[in-house]
Amino acid sequence: MSDSSPPPADAHWIVGGLIFPGFELLDLYGPLEMFGASSKHFTLVTIAETAEPVPSAQGPSSTVQRTFAECGDVDILLVPGGIGTRKEAANPALLTFLRNVYPQLDLLASVCTGAGLLAAAGLLEGRRATTNKLSFAWPRSRGPNTVWVPEARWVEDGNVFTSAGVAAGMDMSLALIARLLGEAAAEEVARYTEYEWHRDADRDPFARRAGLL
């Protein structure tokens, strides 16, 4: 999950949280909480198509710090899921943004049905990926050339991470932190947030409950 050599003491990454109408709150803010707990190493920004506040699937809106046109440097992009993904999968502006920003990223990560947006943008072609188990069919329909993994809490394929539904994004984000900063750093974040980290990417009881196995 992580390199054996410690990162430089001043290692720092900009984490962009993509927001769009109908995004799932915990998909976005659960992982951002984990990165934010190590603020020495991570700066968090929200990114959206326009500068207007963006309503979530649950109602509360989020402010936008950067637009697609003025995104600037981003090292890690987090793409949440939510009911809004169905509409955004046909949004040329969002899909073009994903395609254009990917080459500059160190890591690309999706939570839940956010994988459907990555697939629609062509970024999961030939890759292994997973998604929300109760909504597995929709992302899979966006990426017919993706190797979808039914039983996985999260999946790593090169520099692309995809997680199962909602709360699974926090486990994935800790795995990302471990990859960048080492296991001890991820453990400290889990301790600080009083979160019980599920470290086994293959431990996924929800796949069977959803009838995928």
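Above this note sits the structure.
The model shown is predicted, which means the values in this text are computed figures rather than measured ones.

Chemist: Even after reading the chapter, I still don't get the overall build of the protein chain, so can you show me in this structure?
Modeler: The helix and strand tally for the protein chain stands at eight helices and 11 strands. A compact globule built from 213 residues would reach a C-alpha radius of gyration of about 17 Å, and the protein chain, at 16 Å, matches this within 12%. Scored against the burial criterion, the 213 residues of the protein chain give a buried share of 54%. Within the protein chain, residue pairs in contact and separated by at least 24 positions form 67% of the contacts whose partners lie at least 6 positions apart. Of the roughly 9,300 Å² of accessible surface on the protein chain, a fraction of 51% belongs to carbon and sulfur atoms. Placing the 17 positive and 25 negative side-chain charges of the protein chain at their respective mean positions leaves the two points 7 Å apart.

Chemist: Help me out: how do you make sense of the sheet that holds strand β10 (residues 154-157) in this one?
Modeler: The strands that make up a sheet pair up through hydrogen bonds in the backbone, lying either parallel or antiparallel. Strand order in the open sheet made by the seven strands is β5-β2-β1-β6-β7-β11-β10, with mixed pairing throughout. Each having just a single partner strand, β5 (66-67) and β10 make up the two edges of the open sheet. Alignment of strand β1 (residues 13-18) against strand β2 (residues 42-48), held across six bridges, turns out to be parallel. Looking at the pairing, V15 lines up with L44 of β2. Packed on one face of the sheet, helix α6 (residues 168-181) meets β1, β2, β6 (76-79), β7 (107-110), β10 and β11 (160-163) and runs near 155° to β11.

Chemist: I keep staring at the pattern of salt bridges and nothing clicks. Help me out?
Modeler: In the structure shown here, the tally under the stated rule is six salt bridges. With a closest N to O distance of 2.6 Å, R191 and E188 form a salt bridge. Here the residue R191 and the residue E188 both occupy positions in helix α7 (residues 183-192), the gap between them amounting to three residues, near one helical turn. Accessibility expressed as a relative area gives 54% for R191, which makes it exposed.

Chemist: Explain helix α1 (residues 25-36) to me, please; I cannot follow it from the model alone.
Modeler: Along an α-helix, residues three or four apart share an orientation, since each turn contains 3.6 residues. Helix length check: α1 (12 residues) gives 16 Å between terminal C-alpha atoms against 16 Å at 1.5 Å per residue, within 8%. Listed in full, the buried residues belonging to α1 are D27, L28, G30, P31, L32, M34 and F35. Buried residues belonging to α1 abut β1, β2, β6, α6 and α7.

Chemist: Mind showing me how you'd approach the packing of α1 against α6 here?
Modeler: Helix-helix packing is characterised by the crossing angle of the two axes and by the distance between the axes. It is at 8 Å that the axes of α1 and α6 come closest, and there the two elements cross at 30°. The hand of the α1/α6 crossing is right-handed. In contact with L26, G30, P31, M34 and F35 of α1, α6 contributes G169, M170, S173, L174, L176 and I177.

Chemist: Sorry, what's going on with the packing of α6 against α7 here?
Modeler: Contact geometry of α6 with α7 gives a least axis separation of 6 Å together with a crossing angle of 145°. Between α6 and α7 lies a crossing whose hand is right-handed. Counting all contacts with α6, which are made through L174, I177, A178 and L181, the residues of α7 involved are E183, A185, A186, V189 and A190. A per-class count over the contact of α6 with α7 returns eight nonpolar, no polar and one charged.

The rules behind these values
- Residues numbered from 1 in each chain as written.
- Predicted model: local features only at pLDDT ≥ 70, side-chain atom pairs only at ≥ 80, totals over all residues.
- Heavy atoms only, no water.
- Helix = DSSP H or I, 4+ residues; strand = E, 2+ residues; numbered from the N terminus.
- Rg over C-alpha atoms; globule rule 2.2 N^0.38 Å.
- Buried < 20%, exposed > 50% of the residue type's maximum accessible area, 1.4 Å probe, protein only.
- Contact = heavy atoms within 4.5 Å.
- Areas by Shrake-Rupley, 256 points an atom, 1.4 Å probe, with all protein chains shown as cover.
- Lys, Arg positive; Asp, Glu negative; His and termini not counted.
- Charge placed at Lys NZ, Arg CZ, Asp CG, Glu CD.
- Pairing = 2+ DSSP bridges.
- Axes fitted to C-alpha atoms, helices over the stretch in contact; angles between N-to-C directions.
- Salt bridge = Lys/Arg side-chain N within 4 Å of Asp/Glu carboxyl O.
- Expected span 1.5 Å × (residues − 1).
- Left-handed = near helix turned anticlockwise from the far one by under 90°.
- Nonpolar A, V, L, I, M, F, W, Y, C, P; charged D, E, K, R; others polar.

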